[in-house]
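Observations on chain architecture
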Amino acid sequence: MVTDPTAELRAEVDRLVDAARSGDRAAFDELVRRTYVDTYTLAMRLTANEEDAHDVVQESYLRAWKGINRFRGDAQFSTWMYRITANAAATLVQKRRRRRTESLEFVEEPVDVSIEAQPEAATESSVGLEELARAVAALPPKLRSVVVLKDVYGLSHEAIAEDLGISVAAAKVRLHRGRKRLRDVLFEEGGRSAHAV
Amino acid sequence: MRCEEVARQLPQTVEGTPVDLAMQTHIESCLRCQAELARYRRMLRALQQLRTRFLEPSPSLLAQTLAALEEAGERQAVRSLLSGRRLAYAGAIGGAALATAGTAAALIVARSRRRAAVA
């Protein structure tokens, strides 16, 4: 009999979620161990800051533990965690931005991620995604979060709007602007950086 | 339709959202816009690939996260304990007040009965 490792993994996560919902902290800790790299990756993509990403991961799991009984299981646990993480990141970024506006040391320098700026990178086959990741990180936070949630993680406009506390129309506008900005950075001057992706 | 108008709409149509006939006709006959559409599609495919490119967190993250959960659990337990004690204190005070009131009422009734008997 052939077993599907993905299905087995999902079944194991479902079992842990059920146990956590009945108050089993050890089961929830095991869920954290199995998913924290994924959650951290999303937090980093959303905040583009190591310290913020750490805070977002901790806050997300605290919220998840408090709200585990609200997880109905009609979506995957990972998708539920993405939404909690997106919401926690939006809250934290807003708070931090208010604190940082006065401080010049946090003014981000524009990042030139084009291939011409790093000619040695063009020779490496895997460099495209690295360049893209850096270009995403350099997007303004409001555009970055929508591009990451929609184009990288595949969340719906409605879910994104709800998690970020904006309207669906605003989410669509931000996505449009984010993609355009990304395209301009990666394919600057009509294809000069066309090998970036 | 002009290339500039098509370029403005491409970011939202690149996922396969239906486009109007004028735009479709223009793209079919314009190499520049076809190239632009191809760039957006390439960019979206690459963005989707980022989903499985995991970033390595610092080794302390897991331990810190589990410790934060532990601490939150303890705080919750202390809060429950305190609110339980508060309830117990409130119950005891309420009980004592009721007992005092009951005793006072009994004394008043007894005194008024004695007076009635003497009269």
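Residues numbered from 1 in each chain as written. Chains lettered and ligands numbered in written order. Predicted model: local features only at pLDDT ≥ 70, side-chain atom pairs only at ≥ 80, totals over all residues.

1. Things to note about the interface of chain B and chain A
- On the side of chain A, 31 residues touch chain B, which itself brings 26 residues to the contact.
- Counting only elements with at least two residues in the side of chain B that touches chain A, the list comes to helix H1 (3-13), helix H3 (31-50) and helix H4 (60-118) of chain B.
- In terms of residue count, the dominant contributor to the side of chain B that touches chain A is H3 of chain B (10 residues).
- Split by residue class, the side of chain B that touches chain A holds 16 nonpolar, 6 polar and 4 charged. (Contact = placed C-beta atoms within 7 Å. Helix = DSSP H or I, 4+ residues; strand = E, 2+ residues; numbered from the N terminus. Nonpolar A, V, L, I, M, F, W, Y, C, P; charged D, E, K, R; others polar.)

2. What to know about the domain arrangement of chain A
All names here are of chain A.
- Here chain A is described as being made up of domain 1 (1-107) and domain 2 (110-191).
- On the domain 2 side, the residues contacting the 11 residues of domain 1 number 14 residues.
- If you list the elements that add at least two residues to the side of domain 1 that touches domain 2, you get helix H2 (25-47) and helix H4 (77-100).
- Per element, the largest residue contribution to the side of domain 1 that touches domain 2 is 7 residues, and it comes from H4.
- Broken down by class, the residue content of the side of domain 1 that touches domain 2 amounts to 8 nonpolar, 1 polar and 2 charged. (Domains from an automatic or database assignment.)

3. Notes on the environment of Gln48 of chain B
- Structurally, Gln48 of chain B can be placed in helix H3.
- Ignoring sequence-local partners within four residues, the contact set of Gln48 of chain B consists of Asp151 and Val152 of chain A.

4. Observations regarding the environment of Gly67 of chain A
Residue and element names in this part refer to chain A.
- Looking at where Gly67 falls in the secondary structure, it is placed in helix H3 (residues 50-67).
- Under the C-beta neighbour-count criterion, Gly67 is labelled exposed, with 11 such atoms within 10 Å.
- Distance from Gly67 to Asn87, taken between C-alpha atoms, is 14 Å for residues 20 residues apart in sequence. (Buried ≥ 20, exposed ≤ 12 C-beta atoms within 10 Å, placed from the backbone.)

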